[in-house]
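The lines below spell out each chain.
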Amino acid sequence: MNTKERITAALASALSPQTLDVIDESHLHKGHAGHREEGETHFRVKITAEAFRGKSRVDIHRMVNSILADELAAGVHALAIQAKAPE
């Protein structure tokens, strides 16, 4: 299982999101801090989950970062989060 698959599985399991898109943007950061030639260093997460309802943006980001703590510690250099509750 690669990093993108692990991120997807962890978020799906913890949050049961209505929508989830994990995008590997590593190729956009070639030559920047944290980039590795093999990639899997920079990700964007777009997620909609009921678990976010009533929570502040800071609290939502803390939730996502906590769920993905192992991936962040294992070499994910950057994680852009676009998260919201369903409308």
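Provided above is the structure to which this section pertains.
Each value, and the rule that gives it
All residue numbers refer to positions counted from 1 along the written sequence of the respective chain. In view of the model being predicted, local features appear only for residues whose pLDDT reaches at least 70, and side-chain atom pairs are presented and counted only at 80 or more, with totals across whole chains, interfaces and linings using the full set of residues. Excluded from the side-chain calculation are hydrogens and water; included are all heavy atoms of the structure. Think of it this way: any DSSP run of H or I at least four residues long counts as a helix, any run of E at least two long counts as a strand, and we number them from the N terminus. Think of it in three bands: residues with accessible area under 20% of the maximum for their type are buried, residues over 50% are exposed, and the middle band is partly exposed, with areas taken using a 1.4 Å probe on protein chains only. We call two residues in contact whenever any of their non-hydrogen atoms come within 4.5 Å of each other. A 3.5 Å cut-off defines polar contacts: any pair of N or O atoms within that distance qualifies, except that in protein one atom must be a possible hydrogen donor and the other a possible acceptor, and neighbouring residues in sequence count only when both atoms are side-chain atoms. Salt bridges are defined as contacts in which a side-chain nitrogen from Lys or Arg sits within 4 Å of a carboxyl oxygen from Asp or Glu. By the convention used here, strands pair only if DSSP detects at least 2 bridges between them. Between the N-to-C directions of two axes lies an angle of 0 to 180 degrees, each axis being a line fitted to C-alpha atoms and, for a helix, fitted only over the stretch in contact.

Caption draft 1: Molecular detail of the environment of L72. Among the structural elements, L72 can be located in helix 3 (residues 69-73). A relative accessible area of 29% means that L72 is categorised as partly exposed. Placed 31 residues apart in sequence, L72 and T41 show a C-alpha to C-alpha distance of 9.1 Å. Setting aside residues up to four positions removed in sequence, L72 forms contacts with N65 and L79.

Caption draft 2: Representation of the environment of R6 within the structure. Structurally, the position occupied by R6 is in helix 1 (residues 3-15). Once the C-alpha coordinates of R6 and E71 are considered, the two residues, 65 residues apart in sequence, prove to be 8.0 Å apart. The contacts of R6, once residues within four sequence positions are left out, are M1 and E71. Reaching out from R6, the side chain makes a polar contact with the side chain of E71 at a distance of 2.8 Å.

Caption draft 3: Structural detail: the pattern of salt bridges. One pass over the full model with this rule turns up 5 salt bridges. Linking E71 and R6 is a salt bridge whose minimum nitrogen-to-oxygen distance equals 2.8 Å. Remark: R6 occurs in helix 1 and E71 occurs in helix 3; sequence separation between them is 65 residues.

Caption draft 4: Looking closely at the side chain of T48. You can see T48 is positioned in strand 2 (residues 42-48). Discounting chain neighbours no more than four positions away, the residues touching T48 are P17, Q18, T19, K84, A85 and P86.

Caption draft 5: Structural detail: unusual backbone geometry. With a phi close to 45°, S16 is a non-glycine residue in the positive phi region. Looking at where S16 falls in the secondary structure, it is placed in the loop between helix 1 and strand 1 (19-24).

Caption draft 6: The sheet that holds strand 1, seen in detail. The 3 strands lie next to each other as 1-2-3, forming an open sheet whose pairing is mixed. In this open sheet, the two edge strands, each paired with only one partner strand, are strand 1 and strand 3 (78-84). Between one strand axis and the next, the sheet turns by 10° as a mean value, whatever way the strands run. Here strand 2 runs beside strand 3; their pairing, made up of 7 bridges, is parallel. Pairing of R44 across the sheet is with A80, part of strand 3. Strand contacts of helix 1: strand 1 and strand 2, with the helix running at about 25° to strand 2, the strand carrying the most contacts.

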